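# Fold and geometry: a report
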Amino acid sequence: MTDSKYFTTTKKGEIFELKAELNSDKKEKKKEAVKKVIASMTVGKDVSALFPDVVNCMQTDNLELKKLVYLYLMNYAKSQPDMAIMAVNTFVKDCEDPNPLIRALAVRTMGCIRVDKITEYLCEPLRKCLKDEDPYVRKTAAVCVAKLHDINAQLVEDQGFLDTLKDLISDSNPMVVANAVAALSEIAESHPNSNLLDLNPQTINKLLTALNECTEWGQIFILDCLANYTPRDDRESQSICERVTPRLSHANSAVVLSAVKVLMKFMEMLPKDLDYYGTLLKKLAPPLVTLLSAEPELQYVALRNINLIVQRRPEILKHEMKVFFVKYNDPIYVKLEKLDIMIRLASQANIAQVLAELKEYATEVDVDFVRKAVRAIGRCAIKVEQSAERCVSTLLDLIQTKVNYVVQEAIVVIKDIFRKYPNKYESVIATLCENLDSLDEPEARAAMIWIVGEYAERIDNADELLESFLEGFHDESTQVQLQLLTAIVKLFLKKPTETQELVQQVLSLATQDSDNPDLRDRGYIYWRLLSTDPVAAKEVVLAEKPLISEETDLIEPTLLEELICHIGTLASVYHKPPSAFVEGSRGVQHKRLPGSAGSGESVESPDTGTAAAVASEAPPAVIPSQGDLLGDLLNLDLTPPTTTGPPPPSSGLQMGAMDLLGGGLDSLMGDESEPVITSRDRLGGDLGGSPAMGTGFGATPAAMPASFNAPVSSGLDDLFDLGGGVGMPMGAYSPPKTVWLPAMKGKGLEISGTFARRAGVIQIEMTLTNKAMSVMSDFAIQFNRNSFGLAPAGPLQVLTPLSPNQSIEVTLPLNTVGPVMKMDPLNNLQVAVKNNIDVFYFSCQYPISMLFVEDGKMERQVFLATWKDIPNENESQFQIKDCHLNSDAASNKLQGSNIFTIAKRTVDGQDMLYQSMKLTNGIWVLAELRVQAGNPNFTVSLKCRAPEVSQCVFQGYETVLKN
């Protein structure tokens, strides 16, 4: 009979019976009783009352019974810590048992008992097991060290277990090596700066030797460890790749993906003209293709990883298009991923094949899949110019099917094709207009309105078509309303005599009758432009639009580098860095790929204003549209800066996973890691969304597109070489001390203080004055939860008692790993100070500039991408009055407080500084500071994914600049 019988009984008085059986003299009866106890425990009954009786059963030679007792012990030790101490002697004894299985079982159970009282008793047995003659015991003990470190890190360090673990990396048994690596990696994750895994060529050689003989999980641990190593040169890199390559043929897909991760990272070090580099590319394709023959869930994980690999190195799978063709029985999530990869691999060589497939998909029954297939046809047209004509005719064939959702998707993508290839395919407009009445989705209606407005001069009844949309103006979505407003203004500028009434009607609807701020702002801008300067209006609204980029959905390069380092983990499935979804991820290190061979630079190099690929093998880079002031600004200087050092190692766009200001501020958790560069141009806003007219109505005419081509001063060479125009940065500003706790409230204790940031450490500098008649001692300090997790990094150091009328200066370093709660104002800090007399409470406000970190300087392309990606409604504008500084002095002063100038530009005597700063919790703030010569009033515009911090940041600007 099977053990299922133990789960069927639910008698009353069972505990009493079990107690009797557990104390029975008969071994068999004891074993049966323990099985019943474990069964009851498994189904959720409380059998903790039997703890002493079960522990008595530990004294046995029967391995099965011992396992059951240990299982019980692990479960109840936490709730019965005093009783659990009874078991310690048995553990110590079992750790010296002649049977290695029992020794290992004892040490494994010891690691699972998370009771502080017991841990110190377990150190001696663990030390013996780490040096045991049997490798099975040693490998179990290695994992136990990691568990013990989680319970009491200090104890593990004091006992020297970490050094013993490092020695186990040289063990003769590969499984011991693998477990030692796994344990050290686990410990290193929680202590990122500890440098526990000191990887050097000798250690790497040992790991590679062990790699061939490990179990599959051991291989994964070792491969993940190898991925954190940076080889000294390309020869070492090639040698490691050669020894890791055989893992690609492993049966376990996790081992394969870990091997791919190592190879993808080390390939960065290999010169592209090396024969081995080509061989490696060929070897990487078959294992990735093999992963696609697994079950759908595994296929999906493989496809998400392949998506990243294809963006980094499309040449690996460029000949494998057919494996990504969709099968009829694929689940929808697999179909959509395959479709995405097909587009990324589409090229002139295979476009005919791809289009035939996509046309087939567009007749499927699954609506979501059909929509994506129609969009994919449009993306092919934009990506492969030679195929555009064929794509357009395919889309027209699909429109003729008159299937509503197919027609609507086709119109949306045709709009993008018009943007990419102006004056080429406009003959199809007549066909599109025939389907006007069937459009009911906002995106399709907005696309159709854009087409009618853009090509109004070619459509005889354009005014009637737009008027038909105007009838239900207030029922339309914002996207459609904005598009309709712009289209009618375009129509008016092209046919002013016939459409005067129409434009007045739409301006009135958009401004006086609407409560949507985006719509009203755009309406007023158009109204003022048309009434004051129709010529300027024409230049703005009918300005030549930039061509849209070929790939707008590529992952931003620094994020992609980080995700490549996390292939085979959840990060590669979510396409988000671990810090975005791992709880308490302050310890998460941001990983980057090593620099490519032969140069200290990354794979992308600036080329005509875009982060273009160095050679044809490199993946297409994210191409920002260049129609705006910022785009021009960041594309002027095409030479790399001469004085700035290499970029900081951590990815610039990661965020902590917590809701950093509490109170459900989801905007702080916006997916800041993936700035997608859209083709909206800031002034026209013609593709929907709100316009950002400079920074509001106050924008000078110089910010109009008319001036984009204006000659630029000869200061081009040092536009980004800020070392040339700006002096050495001053130190960070620290406000003067103010009284925080008056002596009246502090029973004679007066506390005055300020905040400072010195050498990257935030600190409070306080003066404690005793104005009472008695001696004060036993000082301690505590902070309440606050917006940025500020907390004392150590105790308050008042080493001698404070005598009457005596003052003492105290400096208290702070960290930002305390509990978080949104305060009002955001920079408010509630403090409690205790001494031998009482506990005193007071509030103070810290300058936000103390929280600006030293690696807050963004790269230019990342700045441009992020500025565009942050919604315009997150932009705030402020005035700084009575500031008598020139732009260089201001930039210099701000840099002292970690507000970094990315670029500077002069337009009509007005200096524009583009700046970035990063808060301790990972939030980036981007700024545009305008300084007019002779005008003491500065304008600062701030953009941030968490607009709640903008007011505080502005106050930080004002404080730094005025002091």
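Numbering of residues begins from 1 in every chain and follows the order in which that chain's sequence is written. The predicted nature of this model means local features are confined to residues of pLDDT at least 70 and side-chain atom pairs, given and counted, to a pLDDT of 80 or more, with totals for whole chains, interfaces and linings taken over all residues. Computation of side-chain values covers all heavy atoms of the structure but excludes hydrogens and water.

You'll find the chain entered in an unreviewed UniProt entry as AP complex subunit beta, with Betta splendens given as the organism. UniProt lists a comment for the chain under the heading Sequence similarities (unreviewed entry), and it reads "Belongs to the adaptor complexes large subunit family." UniProt positions are given in the numbering used here, feature names are shortened, and annotations may be inferred rather than shown by experiment.

Formed by 212 residues in total, the largest nonpolar core has its most connected members in Tyr-72, Leu-126, Leu-358 and Phe-418. In this structure, Tyr-72 is in contact with Val-37, Ile-38, Met-41, Val-47, Ser-48, Leu-50, Phe-51 and Val-54, ignoring residues within four places of it in sequence. Each nonpolar core is a collection of buried residues, namely Ala, Val, Leu, Ile, Met, Phe, Trp, Tyr and Cys, held together in the definition by side-chain atoms within 4.5 Å. Only protein chains enter the accessibility calculation, which uses a 1.4 Å probe; a residue whose area is less than 20% of its type maximum is buried, one above 50% is exposed, and one in between is partly exposed. Residues Val-798, Leu-913, Cys-952 and Leu-961 belong to the second largest nonpolar core, which totals 62 residues. For this analysis, residues touch if any pair of their heavy atoms sits within 4.5 Å.

Numbering of helices and strands runs from the N terminus, with a helix taken as a DSSP run of H or I at least four residues long and a strand as a DSSP run of E at least two residues long. Helix span, expected: 1.5 Å multiplied by one less than the number of residues in the helix. Given a rise of 1.5 Å per residue, 13 residues ought to cover 18 Å, and the 18 Å separating the end C-alpha atoms of helix α26 (residues 442-454) matches this to within 8%. In terms of residue burial, α26 counts as a mostly covered element, since eleven of its 13 residues are buried. Along α26, the residues that are buried comprise Ala-444, Arg-445, Ala-446, Ala-447, Met-448, Ile-449, Trp-450, Ile-451, Val-452, Gly-453 and Glu-454. As for α26, its buried residues are in contact with α24 (404-420), α25 (429-434), α27 (462-470) and α28 (478-494).

The next thing to look at is the pairing of strand β15 (residues 938-944). The buried fraction of β15 amounts to seven of the seven residues, a majority that puts the element mostly inside the structure. By the convention used here, strands pair only if DSSP detects at least 2 bridges between them. Adjacent in sequence and paired antiparallel, strand β14 (residues 924-932) and β15 are bridged by five residues, among which Gly-934 carries a positive phi angle near 85°.

Glancing now at the sheet that holds strand β9 (residues 828-834). Pairing within the open sheet is antiparallel, and its three strands lie in the order β6-β9-β10. Strands at the two margins of the open sheet, each flanked by one partner only, are β6 (780-783) and β10 (839-845). Across the sheet, the axes of successive neighbouring strands diverge by a mean angle of 25°, strand direction being ignored. Of the strand pairs in this sheet, β6 and β9 are connected by four bridges, and their pairing is antiparallel. Helix axes use the C-alpha atoms of the stretch in contact, all axes being lines fitted to C-alpha atoms, and the angles between their N-to-C directions lie in the range 0 to 180 degrees.

When glycine is set aside, most residues are seen to have a negative phi, and most peptide bonds are trans. Of the consecutive residues Asp-824 and Pro-825, the connecting peptide bond is found in the cis state with omega at -5°. Among the structural elements, Pro-825 can be located in the loop between β8 (807-815) and β9. Phi at Asp-778 is positive, roughly 55°, even though this residue is not glycine. The topology assignment puts Asp-778 in the loop between β5 (761-770) and β6.

Bringing the packing of aromatic side chains into the picture now. A pair of aromatic rings is counted whenever rings of Phe, Tyr or Trp (Trp by its six-membered ring) have centres within 6.5 Å, and the orientation is called stacked for planes under 30 degrees apart, edge-to-face for over 60 and tilted otherwise. Scanning the entire structure with this criterion turns up twelve aromatic pairs. Geometrically, the ring pair formed by Trp-740 and Phe-842 is stacked, given 6.0 Å between the ring centres and 25° between the ring planes. Highlighted residues: Trp-740 in strand β3 (residues 738-741) and Phe-842 in strand β10, separated in sequence by 102 residues. Trp-740 sits in the buried class, given a relative accessible area of 12%. Taking relative accessible area as the criterion, Phe-842 reaches 7% and is therefore assigned buried. Lying across the ring of Phe-369, Lys-335 places its NZ or CZ 5.2 Å from the centre. Geometrically, a lysine NZ or arginine CZ counts as sitting over a ring once it is within 6 Å of the ring centre and also within 35 degrees of the ring normal.

Attention shifts here to a negative patch on the surface. A surface patch of negative charge is lined by Glu-464, Glu-467, Glu-471 and Glu-501. Counting through the fold element by element, Glu-471 comes out in the loop between α27 and α28. According to the relative accessible area criterion, Glu-471 is exposed, its value standing at 69%. Patch members must show over 30% relative accessible area and no salt bridge, and they are joined within 9 Å when carrying like charges or within 5 Å when they are nonpolar side chains of Val, Leu, Ile, Met, Phe, Trp or Tyr. Only the protein chains shown count as cover for residues, and the accessible areas themselves come from Shrake-Rupley with a 1.4 Å probe. Salt bridge criterion: a side-chain nitrogen from Lys or Arg within 4 Å of a carboxyl oxygen from Asp or Glu. Just so you know, the count uses Lys and Arg for positive and Asp and Glu for negative, and it drops His and the chain ends. For charged residues, the charge sits on one atom: NZ in Lys, CZ in Arg, CG in Asp, CD in Glu.

Once that is clear, we can look at the sheet that holds β8. In spatial order, the strands read β3-β4-β5-β8-β7; together these five strands make up an open sheet with antiparallel pairing. The open sheet terminates on both sides in strands that have one partner only, identified here as β3 and β7 (791-792). Sheet topology places β5 next to β8; eight bridges connect them, and they run antiparallel. Following the sheet pairing, Glu-765 is matched in β8 by Thr-811.

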